[in-house]
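Survey of secondary and tertiary structure
Spelled out from the first residue to the last, the chains are:
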Amino acid sequence: MDELQEMREQMAALKEKLNKQEVVNERLIRDVLSQKMKVINKNGWISGICGLFVITFGNFMFYQMGLSTYFLIGTTVMMLFCIATTWISHSWINSNEIVNGDLLRVAKQAQRLQRVYKNWKYIALPMILVWATWLGLEYAAEVKDTAMVISMMSGVVIGGLVGGIIGFKQNKKVINELDEMIRHIEEISDLDEENDKEEKGV
């Protein structure tokens, strides 16, 4: 009987040690996820600041070019929409919630944010095409010089392609980072479910 009791005590001590190790591992994973989310949110803030730069400096340049007030208002509305969508989407998750909150809720919000990034191209591409076409028509009507219009629009196309490539890579990076976050959270949740079953003797 003494040996059996000793074995039970050893098993209980081992289980307690493993549980403590799992708590430590979960805390480390939470910290990593929190840091990852801070980087993702930082990218969102940088995107928004770039949009504010376009509203101020860009509209000033467009005004100097003699473009219409309607175009300036249209550009401002477009950029404000992009900024608001980005910042509101990123506000769904914060690093403190990842450290101390419900990870399943965080995973759902991460999936929601991921969908925004995945679907953004369906909004951004048509919007950019309409804006660029409007810009070309406005500038052509203002300068009435085909060579200058071609030169300016060539710069717009090249700048758009470069910006599009950078934006696509950044978009893909955020989607992958969120995918990794969701996967880690699911791993933790599965581990918690297994522990609950063991404690209940299932």
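For clarity, every value in this text was computed on a predicted model and none was experimentally measured.

All right, on to the pattern of salt bridges then. Following the criterion strictly, the structure yields 2 salt bridges and no others. Of the charged contacts, one joins E180 and K36 as a salt bridge, the two residues approaching to 3.7 Å between their closest N and O atoms. One end of the pair, E180, is in helix 5 (residues 146–200); the other, K36, is in helix 1 (residues 2–64), with 144 residues separating them in the sequence. E180 sits in the partly exposed class, given a relative accessible area of 28%. Taken together, the shared-partner salt bridges in this structure form one network comprising K36, E177 and E180.

One pass over the structure, following the stated rule, counts 7 aromatic pairs. An angle of 20° between the planes, with centres 6.2 Å apart, marks the rings of F81 and W120 as stacked. Taken as a pair, F81 in helix 2 (residues 69–90) and W120 in helix 4 (residues 103–143) lie far apart in primary sequence, 39 residues in all. The exposure class of F81 is partly exposed, given its relative accessible area of 39%.

Bringing the confidence of the model for the protein into the picture now. When the pLDDT values of the protein are averaged, the result is 80; 80% of them are 70 or greater. The least confident element of the protein, judged by mean pLDDT, is helix 1 at 73; the most confident is helix 2 at 93.

Tracing the backbone through its elements, the reader meets G167 in helix 5. G167 sits 46 residues away from K121 along the chain, and the two C-alpha atoms are 10.0 Å apart.

Tracing the backbone shows N41 in helix 1. A polar side-chain atom of N41 sits 3.5 Å from the main-chain carbonyl oxygen of I93. Setting aside chain neighbours within four positions, we find N41 in contact with H90 and I93.

Rules and cut-offs
- Residues numbered from 1 in each chain as written.
- Predicted model: local features only at pLDDT ≥ 70, side-chain atom pairs only at ≥ 80, totals over all residues.
- Heavy atoms only, no water.
- Salt bridge = Lys/Arg side-chain N within 4 Å of Asp/Glu carboxyl O.
- Helix = DSSP H or I, 4+ residues; strand = E, 2+ residues; numbered from the N terminus.
- Buried < 20%, exposed > 50% of the residue type's maximum accessible area, 1.4 Å probe, protein only.
- Phe/Tyr/Trp six-rings, centres within 6.5 Å; stacked < 30°, edge-to-face > 60°.
- pLDDT = per-residue confidence, 0-100.
- Polar contact = N/O pair within 3.5 Å; in protein donor to acceptor, adjacent residues only side chain to side chain.
- Contact = heavy atoms within 4.5 Å.

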